Amino acid sequence: MAEQLTPETPEESEEQPIKQRKNGLYPGVSDELAENMKSGWADTELHGLEPIAQASHTADRRAALSRRFPGERLVIPAGNLRTRSNDTEYSFRASTEYAYLTGDQTQDGVLVLEPKGEGHEATVYLLPRSDRENGEFWLDGQGELWVGRRHSLAEAEQLLGIPAKDVRELPAALREATGPVRNVRGHDAGIEAALTDKVTAERDEELRVYLSEARLVKDAFEVAELRKACDATARGFEDVVKVLDKAEATSERYIEGTFFLRARVEGNDIGYGSICAAGPHATTLHWVRNDGPVRPGELLLLDAGVETNELYTADVTRTLPINGTFSPLQRKIYDAVYEAQEAGIAAVKPGAPYRAFHDAAQRVLAEKLVEWGLCGDLDVEKVLELGLQRRWTLHGTGHMLGMDVHDCAAARTETYVAGDLEPGMCLTVEPGLYFQADDLTVPEEYRGIGVRIEDDILVTEDGHENLSASLPRRSDEVEAWMARVKQG
Ligand code: GLY
Ligand code: MN
Ligand code: MN
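The rules we used
- Residues numbered from 1 in each chain as written.
- Chains lettered and ligands numbered in written order.
- Predicted model: local features only at pLDDT ≥ 70, side-chain atom pairs only at ≥ 80, totals over all residues.
- Heavy atoms only, no water.
- Helix = DSSP H or I, 4+ residues; strand = E, 2+ residues; numbered from the N terminus.
- Buried < 20%, exposed > 50% of the residue type's maximum accessible area, 1.4 Å probe, protein only.
- Contact = heavy atoms within 4.5 Å.
- Lys, Arg positive; Asp, Glu negative; His and termini not counted.
- Charge placed at Lys NZ, Arg CZ, Asp CG, Glu CD.
- Patch = residues over 30% accessible without salt bridge, like charges linked within 9 Å, V, L, I, M, F, W, Y side chains within 5 Å.
- Areas by Shrake-Rupley, 256 points an atom, 1.4 Å probe, with all protein chains shown as cover.
- Salt bridge = Lys/Arg side-chain N within 4 Å of Asp/Glu carboxyl O.
- Near = heavy atom within 4 Å.
- Polar contact = N/O pair within 3.5 Å; in protein donor to acceptor, adjacent residues only side chain to side chain.
- Nonpolar A, V, L, I, M, F, W, Y, C, P; charged D, E, K, R; others polar.
- UniProt positions renumbered as here; feature names shortened; annotations may be inferred.
- Donors = N, O, S within 2.8 Å, 3.2 Å for Na, K, Ca; no water.
- Tetrahedral: all angles 85-135°; square planar, octahedral: opposite > 155°, others 65-115°.
- Pairing = 2+ DSSP bridges.
- Axes fitted to C-alpha atoms, helices over the stretch in contact; angles between N-to-C directions.

**Q** Would you mind showing me how to read the overall build of the protein here?
**A** Assigned secondary structure in the protein consists of 18 helices and 17 strands. When the backbone C-alpha atoms are referred to their principal axes, the protein occupies close to 80 × 55 × 45 Å. Looking at the protein residue by residue over its 488 residues, the buried ones come to 50%. Counting only contacts in the protein whose residues sit at least 6 apart along the sequence, the fraction spanning at least 24 positions is 69%. Charge-centre separation for the protein: the mean point of 54 positive side chains lies 2 Å from the mean point of 87 negative side chains.

**Q** It is not clear to me how unusual backbone geometry should be interpreted in this structure. Could you clarify?
**A** In most cases, non-glycine residues show a negative phi, while peptide bonds are predominantly trans. Even without glycine at this site, Asn 86 takes up a positive phi of about 50°. Here Asn 86 is to be found in the loop between strand 2 (83-85) and strand 3 (88-89). We note that Asn 290 has phi near 50°; this positive angle belongs to a residue other than glycine.

**Q** Please clarify how a nonpolar patch on the surface should be interpreted in this entry.
**A** Where nonpolar side chains cluster on the molecular surface, the patch consists of Leu 145, Trp 146 and Val 147 and spans about 270 Å² of accessible area. Here Leu 145 lies in helix 6 (residues 144-147).

**Q** Any chance you could explain the site of ligand 1 here in plain terms?
**A** Around ligand 1 lies a shell formed by Tyr 272, His 286, Asp 303, Asp 315, His 399, His 406, Glu 430 and Glu 454. Between ligand 1 and the protein, one listed contact pairs a nitrogen atom with a side-chain N or O atom of Asp 303 at 3.1 Å. Here an oxygen atom of ligand 1 and a side-chain polar atom of Asp 315 are 3.2 Å apart. Across the complex, the protein chains shield 91% of the 190 Å² of accessible surface that ligand 1 would expose by itself. Across the shell around ligand 1, the residue classes tally to one nonpolar, three polar and four charged.

**Q** Can you help me understand the UniProt feature "domain: Aminopeptidase P N-terminal" (unreviewed entry) in the protein in this one?
**A** In the numbering adopted here, UniProt assigns the feature "domain: Aminopeptidase P N-terminal" (unreviewed entry) to residues 52-192. Structurally, residues 52-192 comprises 34% helix and 22% strand, and the distance from its first C-alpha atom to its last is 29 Å.

**Q** Any chance you could explain the coordination of the manganese ion (ligand 3) here in plain terms?
**A** When four donors bind a metal tetrahedrally, each ideal donor-metal-donor angle is 109.5 degrees, and when six bind octahedrally, the ideal angles are 90 or 180 degrees. Looking at the manganese ion (ligand 3), one finds its protein donor set to be Asp 315 (OD), His 399 (NE2), Glu 430 (OE) and Glu 454 (OE), positioned 2.1 to 2.2 Å from the metal centre. Between the six donor atoms coordinating the manganese ion (ligand 3), the angles at the centre fall across 52 to 156°, so the site counts as irregular. Coordination of the manganese ion (ligand 3) draws on donor residues from a single chain, spaced D-x83-H-x30-E-x23-E in sequence. Between the manganese ion (ligand 3) and the manganese ion (ligand 2) the interatomic distance amounts to 3.3 Å, and Asp 315 serves as a bridging ligand to the pair. One end of the pair, Asp 315, is in the loop between strand 11 (306-307) and strand 12 (316-321); the other, His 399, is in the loop between helix 17 (390-393) and strand 13 (426-429), with 84 residues separating them in the sequence. Each member of the pair, Asp 315 together with His 399, is buried.

**Q** I keep staring at the sheet that holds strand 9 (residues 275-278) and nothing clicks. Help me out?
**A** To summarise the sheet geometry, strands pair through backbone hydrogen bonds and adopt either a parallel or an antiparallel arrangement. A sheet is described by the order of its strands in space; here three strands give the open sequence 9-10-12, paired in antiparallel fashion. The strands lining the two open edges of the sheet, one partner per strand, are strand 9 and strand 12. Neighbouring strand axes in the sheet, compared pairwise and without regard to direction, differ in orientation by 10° on average.

So, in structure tokens, the structure goes:
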């Protein structure tokens, strides 16, 4: 990676980090070079751009937000780059709230809804094209010559269907503004500083909660994105099956890298850290170290999801026999989880309490655990009453899915976990059984076996649709699929 021009003295660099040197030239840049760099560049302004595919949806989302908070100024930042070290940054991912309302993913962007008449006027504040006069475009670490061309404000306006202004003017404008304001916190410290004596934590939280609840029911664009994410994820799982023998020679890392390739080629990224858990690692719920061996005869629990370019993620788990065939005990445990998942999925329908799918899956798992003699003399009802099955089922059976893998997390209990399912909601159904390697309460041969099966289920008008159904789930179908895929 190329370094930027270094200032002459280290002292100066400490006083004024390179990437903040927005104005003024570095020592070592001659006046002639500075002058030379100002001109001789073609005008590349783009005209007549088509609006992005979701522009009408983002307009509807902003209109709903406007209705909820009449007469109040609403500030929704995309967030800023975070420094990893010196002039190197972590990769940027726009805040879910900003991307949901604008369809834009530009760092430092801020959406402002200004009260106007009965509703609001939206403005998106963005960094304009780099200035060539002051050398910013080639001397600033975030100048276009270093990080790539940005859209001009006029171009952004055409693409997003929202008037665009220079974000550098926003903090001062917000400081001067009067009237009630709400801000989505946690993304942009500069904006928060400008609003510090105008907002309250409680009122800001109401905005965050609203934006979480607004995403409980997905619109047509979002459903299409989730479908895309699931399809790409299925291809990523196939990629992994194809290279399982190579992973055996290396480690879980090979699996992680293989899936990541698919995520980057077909989408924006992975939607969360891939869990590539072979053998006993499968009993660690969020095993993302992925540095262990992949051994034939053991199971691979792969929990991974592609995030689309528009930031919608799948969240899928398959537990696969590494050598292609389940052992009798692995199959017994796998089939129990499969049965629990079937019961959970069957409970997903409009009007059903959200909790019903969890309860249905837990009941099946408790029945199996009792049948296998792991709960002493207790019957299923008692086990469920005391929650004793949870020693081996460990987690809730699912969650909402969307732009965040654990989507709508700020929604209130009454609208989410204690609410009812509605068409357009999308959730995971992901029961599991996990027998820790050091669990002395189960027979030795169970220890170190972990199984989870996870699918992404859309609530439809008359039931549900499994968006990840193209990946087989039944044990014999998994084996047949693996054999097919390995053969090519
Ligand atoms: N991948 C995390 C989860 O399944 O919730
Ligand atoms: Mn998952
Ligand atoms: Mn999940």
